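Listed below are the residues making up each chain.
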Number of protein chains: 2
Amino acid sequence: MERKFNFSAGPGVLPLEVLEEAQSEMLCYKDAGASVMEISHRSAQYTAIAESARSLFRELLGISSDWSILFLQGGASLQFYQAPLNFLTGQSTADYLLTGAWADGAYQQALTLGDARVAASSEDQNFSYIPERSSWKLSPGASYLHVTSNNTIYGTQLQSDPTVDVPMVCDASSDFLSRPIEMEKYGMMYAGAQKNIGPAGATVVLVRPDFLEKIPSGLPALLDYRTHASKLYHTPPVYAVYIIEKVLRWIKAKGGLSTMHAFNNKKAGLVYSKIDGSDFYRGVARTDSRSNMNITFRLPTEELEGQFIKAAAGEGLMSLKGHRSAGGVRASVYNACPIEAVEALVQFMNHFESKQG
Amino acid sequence: MERKFNFSAGPGVLPLEVLEEAQSEMLCYKDAGASVMEISHRSAQYTAIAESARSLFRELLGISSDWSILFLQGGASLQFYQAPLNFLTGQSTADYLLTGAWADGAYQQALTLGDARVAASSEDQNFSYIPERSSWKLSPGASYLHVTSNNTIYGTQLQSDPTVDVPMVCDASSDFLSRPIEMEKYGMMYAGAQKNIGPAGATVVLVRPDFLEKIPSGLPALLDYRTHASKLYHTPPVYAVYIIEKVLRWIKAKGGLSTMHAFNNKKAGLVYSKIDGSDFYRGVARTDSRSNMNITFRLPTEELEGQFIKAAAGEGLMSLKGHRSAGGVRASVYNACPIEAVEALVQFMNHFESKQG
C-alpha cells in the first residue's frame, strides 16, 4: 500500500520522518528495552521525552520557563469546560468571540458556569468571516476573552494575535505552531494535538504564571490546572507526547515557526490563487478571514462536489470532503502537508475544471 | 538494542505480536493511505477498528450489546470524579471499599460531591489485605458500592467478584481482562488502558444500560456518560483504541479470559512459590489477598533490595522497584508478560539469594 496525499481535517497528516522514526523505535526505544508504550511515565526515558518537548515549546514559542506546559487529555472539548471552571469564577465575567461551532461549544460550556458574554459573532453569515476587531463588545475587567484562532469547519482564521485589555484564552487546536504567536497576549492557550502537532489523545495546555495564580481553591483535583502544573499527577498520554516531541524537533529542524508560517502561506496561496482565478471554484471564507490551514470552497453544484471528491480520492487525494455541517470541499493543509500534495491538488482542480467544458 | 523482561507496573508490557503488527502498519494502515494516527475518527477505517474493539469486549466479557462501551480519556483519575458526578446525585449515598491509595483517591473525589461512605478499609495494615466480605458495612439503598479490583501498589486483589445488594462501580485498571468477570454484578466498570489492555491515554468505561438511565440531566456535556454513549461526540484517542483492538484480538486468539486467568495464576504462582519457600524473601500482601498481577515482596534489608533491583536490571529484568510509597520489590506480571520473563525472575531470585551465603 502507498501513502496518499492526506487532506484530513484531523486527525491529520504527520511528518513522514516522524512516523519513520517512531516505526524504527516501536519494539525498542533507545536503551529502554521496551516500546515507549510500555515504559513507566516516571522512567528516565519518558521524563527526558517530556522535558525535551517542554523545552522545544518554550524555544519555538519564546515563552519563559515559568509558563506551565501541560500534557492533558480529553481534547479541546474538555478545555471548553475546564478553562471557565478555573478562570470564570466568583462574580467575574468572560467574553467569547463566536467564530464557529467549536467557539460556540466553548461558550455554551462557560455559560453553565458563570457570566459568559458574546463579544462578537459571525453566525449571521454562517461563520464565513472573523468579525472586525472594532465591532467587538468587550466587558471591562473581564477575566479573559476566549478566541478560537482557526475555525476548522469554515476555513477562517485570526490573521494576527488581537490586542485587547485582558488576557486571552485561545483554542489553537487547528493552527497551533503554524505561525509565530505573541504569547504575552494570552493567559492560556490550548490545543488538541491531532491537527498540527501529533496524534489524537493529548491536549497541550499552556498557562502563564500570573494567570495560573488566579485559580481558586476547591476545584476537583484532576480539573485544576495547578494539580498538573505542580507535579506529574497521574499517567499522561505517554505515546502521544512522544510523537509530539518528534514533531516539535521536526518543526525546529525546518526553521521554526516563521519558516512554518511562510511555508503554510505558500501552500495555501497556491490553492487560493487557483480559486480566485476561476469562475468554477468559489471560496467559502471571506477573503480577509481566510485560513491557511483549512481551505474551504464550493463547486457550482453539490453533485459536482461529490464527483470532485470521489475523483480526487481516485487520484490519491484523500479526505477532501467538507465538514458534514458545512458541505462543499475542504483541503486541510497543516504543517506536515507537503507542497507536492498541494501542487497535486491544484493540478487536479485544473484538470477537473477543464473536463466540465 | 534488545527487548528486556519488563515488569513495569504501568504503562506495562504489551504483546510483542501487537507491537510488530503496529510497526508494520505505522506508515500506511491497510488501504487508508496514511498511518492510523493521521486518519479521521469518522473514517471507515477507524469506525471499523472501534466497532471491532467493542465487539471483542462484548464477546470476551459476555455482555449484551446494550452495554455502553466508551473510549474516554483522562485515566482512572478522571473517573474518580466522573463516576460520582453521574451516579452519586441528589440525596443518594455511595459506599467505598478502601483497599489502597487509588481507592482512597476515588473516595476523596466522591466526598466532594455527595454522601460517600467507607464500607471497609485495610489502611490499618498499610493496605496489605482485602477486608473480609463479612466486615463490610453497606448502606441500604446505596447508589453503588465502589471497589478497586486490584491494588497495584500493594499487590492485593479481590479474589472473586463480590456479591452485594447494589450495583458495583469498579476500578479495574490493573487487572482488567486478566480473568473472567461476572459483569452482571456491576453497574459500571472502568480501566485505564495502560496496564493490561493498551497504551496510556485511553480509559475504557463500560456502563450497564439500566445504570446509564440513572444519570440526571444538567451535567457538563463531556463529563456525562450519555454524551459518549449516544454518539461519537469528539475526537477519541484513535491510536490507543487501535492498539487496544489488537490486544483484544490477541487475548481472544490465546483463548479468552479463562485462559488468561490460568496463565496469570501459573505465572504468579511461580513467584509466590519461590517467596513462600524462602526465608530470604517475604511477601507483602496477606496470602488470601494476593494479586496475580502485581507481586510485592521484601528482602531482609532496604540495602539488599536496592542491590537486588539494580542487579536484576543488569540481567535484563527491568522495572522491579516497588512503588515509591511502598518500597520493596514489585514484579508486575500482566497478561502480556511472557512466562520466560517470570522464569528468569525466579532464577534470578534463586541466584541472588544463594549469593548471600
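Residues numbered from 1 in each chain as written. Chains lettered and ligands numbered in written order. Predicted model: local features only at pLDDT ≥ 70, side-chain atom pairs only at ≥ 80, totals over all residues. Heavy atoms only, no water.

> Just checking my understanding: could you explain the overall build of chain A for this structure?
Helix and strand counts for chain A stand at 10 helices and 14 strands. Since a compact globule built from 357 residues should have a radius of gyration of about 21 Å, the 21 Å found for chain A is in line with a globular shape. Principal axes of the C-alpha set define a box for chain A whose edges measure 65 × 55 × 30 Å. Split into buried and exposed, the 357 residues of chain A put 64% on the buried side. Once local pairs closer than 6 in sequence are excluded, the contacts in chain A between residues at least 24 apart make up 65%. Only carbon and sulfur atoms are counted for the fraction: they give 49% of the accessible area of chain A, which is about 13,200 Å². Between the centroid of the 32 positive side chains of chain A and the centroid of its 36 negative side chains there is a distance of 2 Å. (Helix = DSSP H or I, 4+ residues; strand = E, 2+ residues; numbered from the N terminus. Rg over C-alpha atoms; globule rule 2.2 N^0.38 Å. Buried < 20%, exposed > 50% of the residue type's maximum accessible area, 1.4 Å probe, protein only. Contact = heavy atoms within 4.5 Å. Areas by Shrake-Rupley, 256 points an atom, 1.4 Å probe, with all protein chains shown as cover. Lys, Arg positive; Asp, Glu negative; His and termini not counted. Charge placed at Lys NZ, Arg CZ, Asp CG, Glu CD.)

> What is the right way to read the relation of the copies chain B and chain A from this model?
Put simply, the second copy of the chain is the first one after a rotation about an axis and a shift along it. Overlay of chain B on chain A (RMSD 0.0 Å): rotation 180°, translation along the axis 0.0 Å. Classification of the inter-copy transformation places it as that of a two-fold axis. Most of the interface of chain B is mirrored in chain A, where 100% of its interface residues again form contacts. (Least-squares fit on C-alpha atoms with pLDDT ≥ 70 in both.)

> Sorry if this is basic, but what is going on with the interface of chain B and chain A here?
It is common to report an interface's size as the accessible area lost on association of the parts. With 57 residues of chain B at the interface, the matching set in chain A holds 57 residues. If you sort the residues of chain B by the area they bury against chain A, Leu 27, Met 37 and Glu 38 of chain B come out on top, with a joint share of 15%. The interface formed by chain B and chain A contains 2 salt bridges. A salt bridge links Arg 3 of chain B to Glu 38 of chain A; its shortest N-O distance comes to 2.9 Å. Counting only elements with at least two residues in the side of chain B that touches chain A, the list comes to helix 1 (16-24), helix 3 (75-87) and helix 7 (238-254) of chain B. Counting residues per element, the side of chain B that touches chain A draws most heavily on helix 1 of chain B, which supplies 6 residues. Looking at the side of chain B that touches chain A residue by residue, the class counts come to 29 nonpolar, 19 polar and 9 charged. (Buried area = accessible area lost by both parts, 1.4 Å probe. Salt bridge = Lys/Arg side-chain N within 4 Å of Asp/Glu carboxyl O. Nonpolar A, V, L, I, M, F, W, Y, C, P; charged D, E, K, R; others polar.)

> What's the story with helix 4 (residues 101-111) of chain B in this structure? I'm lost.
Residues and elements named next belong to chain B. Taken as a whole, helix 4 has its buried residues at Ala 103, Ala 106, Tyr 107, Gln 109 and Ala 110. For helix 4, the buried positions fall inside an angular range of 160° around the axis, keeping them on one side. Where helix 4 is buried, its residues contact helix 3, strand 3 (93-98), strand 4 (115-121), strand 5 (144-148) and strand 9 (186-192). (Arc of directions from axis to C-beta.)

> Is there a simple way to explain unusual backbone geometry in this structure?
All names here are of chain A. With an omega of -10°, the peptide bond running from Gly 10 to Pro 11 counts as cis. Counting through the fold element by element, Pro 11 comes out in the loop between strand 1 (5-6) and helix 1 (16-24). Non-glycine residue Asn 126 carries a positive phi angle of around 50°. Since its relative accessible area comes to 51%, Asn 126 is described here as exposed.

> Can you help me understand the domain arrangement of chain A in this one?
Residues and elements named next belong to chain A. Per the domain assignment, the segments of chain A are domain 1 (16-254) and domain 2 (256-356). Between the C-alpha centres of domain 1 and domain 2 there is a distance of 27 Å. Between domain 1 and domain 2, the residue contacts involve 27 residues of the former and 26 residues of the latter. Summed over both sides, the interface between domain 1 and domain 2 buries roughly 2,200 Å², with carbon and sulfur atoms accounting for 54% of that surface. Sorting the residues of domain 1 by area buried against domain 2 places Ile 153, Gly 155 and Ser 178 first, and these three jointly supply 21% of that buried surface. If you look at where domain 1 meets domain 2, you find 1 salt bridge. Close ionic contact of Glu 132 with Arg 286 constitutes a salt bridge, the shortest N to O distance being 2.6 Å. Mapped by element, the contributors of at least two residues to the side of domain 1 that touches domain 2 are helix 2 (44-61), strand 7 (156-157) and helix 7 (238-254). Sort the elements by how many residues they give to the side of domain 1 that touches domain 2 and helix 7 lands first, with 4 residues. (Domains from an automatic or database assignment.)

> Is there a simple way to think about the sheet that holds strand 14 (residues 329-332) of chain B in this case?
Whether parallel or antiparallel, the strands of a sheet pair through hydrogen bonds between backbone atoms. Residues and elements named next belong to chain B. Spatially, the 3 strands line up as an open sheet ordered 11-12-14, and their pairing is antiparallel. Among the strands making up the open sheet, the edge pair consists of strand 11 (282-283) and strand 14. Helix-sheet contacts for helix 8 (residues 257-276) involve strand 11 and strand 12 (294-298), and the interaxial angle to strand 12 is about 15°. (Pairing = 2+ DSSP bridges. Axes fitted to C-alpha atoms, helices over the stretch in contact; angles between N-to-C directions.)

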